[in-house]
Every structure is written in C-alpha cells, then in structure tokens.
Amino acid sequence: MTKKALEVRSLTKKVKNKVIVDDVSFEVEKGEIFGLLGPNGAGKTTIIRMIVSLIGRTKGEVFVNGYNIDEQFKESMSEMGAIVENPEFYKYMSGYKNLKHYANMATREVTEERIKEVVKLVGLENAVHQKVKTYSLGMRQRLGVAQALLHNPSLLILDEPTNGLDPQGIREFRDYLRSLTKQGISVIVSSHLLSEMELMCDRFAIIEKGKLIHVSSINQLANQEQFVPTVQFEVDDVNKAFELLKEHQLTNDWKVEEGQQFSIKVDKETTADVNLLLVNNGIKVYSIHPITTTLEDRFLALTSKGEQGGKK
Ligand SMILES: Nc1ncnc2c1ncn2[C@@H]1O[C@H](COP(=O)(O)OP(=O)(O)OP(=O)(O)O)[C@@H](O)[C@H]1O
Ligand SMILES: [Mg+2]
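Under an unreviewed UniProt entry, the name given to the chain is ABC transporter ATP-binding protein, and the organism recorded is Lysinibacillus halotolerans. Per UniProt, the chain has the following entry under Sequence similarities (unreviewed entry): "Belongs to the ABC transporter superfamily."

Following this line, the structure appears as structure tokens:
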C-alpha cells in the first residue's frame, strides 16, 4: 500500500466542554492539493494547528507520510512545513538572512545549497538580499513558503495563504503551488472562498461548525450525483401534465411558473422520460429548459444540508 501524504482520523478538539473540531477524518494523496473550505470560525485553523502539533488534540490520530505523530513525532514533523496565520519575519533583515536564521532552527540539516534552491523555487532570487520591509505582501508570502519548504518537507500546510493577495498575486501563487506538486510535494490550503478552492485544489473538504460535512473533488461538485437540477417545461396543458406526472410520481418539487410553464427537479435521464410521457399522452411540449445553478449554489445547498446534521 502506498503511503498517504496525510491521514487524519477522528480529529477532535474540545475547549471547556465546547467541541470546536468534531470527529474530522480525511486523507491527502501524494502530489495532491487538498483544500479545507469553510466559513469564518468553522475550525480550519484549529484542525491545522492540531496536525502540526501547535496545540494538543482531544482525540484522534494523525499520520504524515505514514508516520504517526504521537509515536514518531520527530519524523512526522520533519515531513511537514507549515504557515499558520501570517509568517513572521525580521523586517530589518534580508529575506536571505531570515531564511538562514530559520535554517539554523530546522528539524533537518539545511545546507546553503538548499536555501538557494528554495529561493529559486519561490522566485525570489532577485529580491532575497533586500530587507524584508521592502517586500510586497506577495513576496512575503513567498518567503513564508520558502521558509516552510527549507527542510524539504513532503507536505506543505498553508492556512489562508492568499489572504491579502491581489488577483494577480493569487494567480501566481496558485501556479506556483501547482509547480510544487509536480515535484511530489502535497499541499493543504485553507480558505473560506469556494471560487478560490475551485481553481486551486484537486479535492477539498467542507468544514462547518467543526464538522467535516463533505469531501469532494471540484468535478464532483460541478457534476454532483445527488444534486438534482430544476428543469422547466413549457406545455400546452399544465393541468393535464400535472395529473400525468402525479400518476407516475414524478411531481417532486412541482412548481407552476408563468403561463404554460412548470418546473420539477429531475436528472437528465428523467427529463427525457418526462418528455416522452407527456408527448405520448398528447401533450405538446414547447420547450425544456434546465435552470442552471452555480457552483456556489451547490456549495450552499451542501452546507445547509450539513447544518441539518447531514452527510459526513
Ligand atoms: N483556544 C480556544 N478557546 C476557545 N475557543 C476557541 C479556541 N480556538 C478556537 N476557538 C473557537 O473555535 C472555532 C473555530 O476557530 P478556528 O480559528 O479554527 O476557525 P477558522 O475556520 O480557522 O476561522 P477563520 O476563517 O476565521 O480563520 C471558533 O468559534 C473559535 O472561536
Ligand atoms: Mg483560520
């Protein structure tokens, strides 16, 4: 069996009897960009802090590249590089000196060569000898990633990495993360923006009120099986159509729209069946029109399902 980049099992955090992370389990594949998506206060940072052992766990197990963080703490820490909240730098020192400083504290030996390598990797060659106070936010963010990568981890964990970046900066950052995965590095990013996750991640978990309510690939969300779209039909006799559909139990979420139109929630195959049924019974079908919903709508539909204690 190939090892997962990360395995999280039943991760739970209770603070003063309040459960802030509730039985969260997920896996990250090698070379994958995995997202933790959820609104403010959902528990994303708390999950990340537990994974990187900045805070203790109430319950649960974490394996990094096969290493159990309880039993093989040093090995598992060596496999991870993280930015939790904003990376802190000495502003009056150059980027290079900052990296050098961190290199001296790293869990694995970091050579001069490696420092040069990460600087190149994040594209800071030209600025690395300037003082950090002259850096733009995007450059600081990249220096943060360079720092997290110094000890050559196989898993990079970034909490809200695009906070404060402009669209151009976000785009560059995204391309840059993708290039890291080509070198076999797995990445976890958190965000409260679905649109961002959609562009950045291979798969993501939706976290809400401390619970993981859904794990999905972007494709699945766009093409969700359980998501049944609304389809609008225009016919010559709405009442007769209603009777027919009722008889065949196809009237879920039946709604009469303006004039000769009605809408029902049916998948693609059933749409064809409904059409056939109507036509075979002498009803004229003038138009069939799926009402498209955005990814955002589907995301909201999923998260509100979670609120009702839905699917894990
Ligand atoms: N040490 C703590 N003591 C009590 N409550 C805490 C503690 N740390 C976090 N919380 C609470 O746990 C919940 C989750 O917080 P967390 O910071 O993990 O959310 P988040 O998803 O990272 O949010 P954001 O998008 O705002 O960064 C919040 O309601 C927060 O107030
Ligand atoms: Mg957070």
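Now that the structure is up, let's keep going.
Caption draft 1: The arrangement of the pattern of salt bridges in detail. On inspection of all chains with the given rule, the structure shows 12 salt bridges. Among the salt bridges present, the one from glutamate 61 reaches arginine 9, with a minimum N-O distance of 3.5 Å. Here glutamate 61 is found in strand β4 (residues 59-64), whereas its partner arginine 9 is found in strand β1 (residues 6-15), with 52 residues between them in sequence. Here lysine 211 makes a salt bridge to aspartate 22, at a shortest N to O gap of 3.3 Å. You can see lysine 211 sitting in strand β10 (residues 211-217) and its partner aspartate 22 sitting in strand β2 (residues 18-28), a full 189 residues away along the chain. A cluster of three or more residues bridged by salt bridges with shared partners is formed by Lys4, Glu27 and Glu29.

Caption draft 2: Spotlight on the site of ligand 1. Every residue near ligand 1 is listed here: Val15, Lys18, Ile20, Pro39, Asn40, Gly41, Ala42, Gly43, Lys44, Thr45, Thr46 and Glu160. Here an oxygen atom of ligand 1 sits 3.4 Å away from a polar atom, N or O, in the side chain of glutamate 160. About the coverage of ligand 1: the protein hides 57% of its 630 Å² of free accessible area. Those elements that provide at least two residues to the shell around ligand 1 are β2 and α1 (44-51). Here the element with the most residues in the shell around ligand 1 is α1; it accounts for three residues. Residue composition of the shell around ligand 1, by class: four nonpolar, five polar and three charged.

Caption draft 3: Quick look at the nonpolar core. Val145, Leu156, Leu158, Leu177 and Val189 are the most contacted members of the largest nonpolar core, which totals 42 residues. Here this core takes six residues from helix α5 (residues 137-149), the largest share from any one element. In this structure, Val28, Ile69, Ile157 and Ile207 belong to the second largest nonpolar core, which totals 27 residues.

Caption draft 4: A look at the sheet that holds strand β11 (residues 230-235). Judged by pairing direction, the sheet is antiparallel, and its four strands sit side by side in the order β12-β13-β11-β14 without closing on themselves. Looking at which strands have only one partner, the edges of the open sheet turn out to be β12 (255-256) and β14 (285-291). Pairing geometry for β11 and strand β13 (residues 261-265), over five bridges, is antiparallel. Among the inter-strand pairings, phenylalanine 233 is bridged to a residue of β13, identified as phenylalanine 262. On the sheet, helix α9 (residues 238-247) packs against β11, β12 and β13 and is oriented at approximately 20 degrees with respect to β13. Across the face of the sheet, helix α10 (residues 268-280) comes into contact with β11, β13 and β14 while running at roughly 15 degrees to β11.

About the criteria used
- Residues numbered from 1 in each chain as written.
- Chains lettered and ligands numbered in written order.
- Predicted model: local features only at pLDDT ≥ 70, side-chain atom pairs only at ≥ 80, totals over all residues.
- Heavy atoms only, no water.
- UniProt positions renumbered as here; feature names shortened; annotations may be inferred.
- Salt bridge = Lys/Arg side-chain N within 4 Å of Asp/Glu carboxyl O.
- Helix = DSSP H or I, 4+ residues; strand = E, 2+ residues; numbered from the N terminus.
- Near = heavy atom within 4 Å.
- Polar contact = N/O pair within 3.5 Å; in protein donor to acceptor, adjacent residues only side chain to side chain.
- Areas by Shrake-Rupley, 256 points an atom, 1.4 Å probe, with all protein chains shown as cover.
- Nonpolar A, V, L, I, M, F, W, Y, C, P; charged D, E, K, R; others polar.
- Core = buried A, V, L, I, M, F, W, Y, C linked by side-chain atoms within 4.5 Å.
- Buried < 20%, exposed > 50% of the residue type's maximum accessible area, 1.4 Å probe, protein only.
- Pairing = 2+ DSSP bridges.
- Contact = heavy atoms within 4.5 Å.
- Axes fitted to C-alpha atoms, helices over the stretch in contact; angles between N-to-C directions.

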